[in-house]
Amino acid sequence: EFNFIGGIPKNKNKISISDGYFTNLGYINSAANTQFAAKVNNKSWNPDKVSSSISGNVITITAINANGTKMVLSFPLATKVSKIGYPITASGTYSAYYYEIGTTLVPDATSTHNTPKLACTLKITSNSTTTKNIKGTFSYYAVPSTDLTTTGVRIASGQFNITY
């Protein structure tokens, strides 16, 4: 919800806007301070368990829900805050995968099934080495790692807020 008073510069006439709200912004309300959440094919996906591990200078965040479906993000711990974001791939500096029972799905930005195009990106919104807390958002189109030509799933509105 939002409220504000607006007008044209150098004009004394102002208008008051109240009880406004945003819809369909594409990201979950980060004010809720959610540890990890996303939407899978437009349905909320919330894990029962979230863990993080550090190996060398890479942090891996693993989230698992009640039926065993898993999302994993992996990226350098020193990743800088970015408005543009970093490209997510199946393996590389910024990587992710989605595991449904029996199938591993990996990011594929070039899939012909990725319509409308969903960017495969990871954005770091806050990274404090003092408090050891990292926050960010992510989205990607995931296809089975064994058949990159098949229809996959849209993982959007992802967010994380992890203390490591």
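Residues numbered from 1 in each chain as written. Predicted model: local features only at pLDDT ≥ 70, side-chain atom pairs only at ≥ 80, totals over all residues. Heavy atoms only, no water.

Undergrad: What should I look at first to understand the overall build of the protein chain in this one?
TA: A tally of helices and strands in the protein chain yields zero helices and 13 strands. Burial analysis of the protein chain (164 residues in total) assigns 37% to the buried set. In the protein chain, 49% of the contacts between residues at least 6 apart in sequence involve partners at least 24 apart. For the protein chain, the exposed surface amounts to about 9900 Å²; the carbon and sulfur share of it is 53%. (Helix = DSSP H or I, 4+ residues; strand = E, 2+ residues; numbered from the N terminus. Buried < 20%, exposed > 50% of the residue type's maximum accessible area, 1.4 Å probe, protein only. Contact = heavy atoms within 4.5 Å. Areas by Shrake-Rupley, 256 points an atom, 1.4 Å probe, with all protein chains shown as cover.)

Undergrad: Is there a simple way to think about the environment of Phe138 in this case?
TA: As for its placement among the helices and strands, Phe138 is situated in strand β12 (residues 133–144). A C-alpha to C-alpha distance of 8.7 Å links Phe138 and Ile124, two positions 14 residues apart in sequence.

Undergrad: Is there a simple way to explain the confidence of the model for the protein chain in this structure?
TA: Regions with low pLDDT should not have their predicted coordinates read in detail. Here the protein chain averages 84 in pLDDT, and 87% of its residues register 70 or above. A low-confidence stretch, residues 23–32 (pLDDT under 50), is modelled with ten contacts involving residues beyond four sequence positions or located in other chains. (pLDDT = per-residue confidence, 0-100.)

Undergrad: What should I look at first to understand the side chain of Asn161 in this one?
TA: Summarising the element assignment, Asn161 is placed in strand β13 (residues 153–163). There is a polar contact of 2.9 Å between the side chain of Asn161 and the side chain of Asn133. (Polar contact = N/O pair within 3.5 Å; in protein donor to acceptor, adjacent residues only side chain to side chain.)

Undergrad: When you look at unusual backbone geometry in this model, what are you seeing that I'm missing?
TA: Both trends apply: most residues other than glycine have a negative phi, and most peptide bonds are in trans. A positive phi angle is found at Asn41, which is not glycine, with a value near 50 degrees. Relative to the elements of secondary structure, Asn41 occurs in the loop between β3 (36–40) and β4 (43–45). Residue classification places Asn41 among the partly exposed positions, given a relative accessible area of 38%. Here Asn42, not a glycine, exhibits a phi torsion of approximately 70 degrees, which is positive. Here Asn42 is to be found in the loop between β3 and β4.

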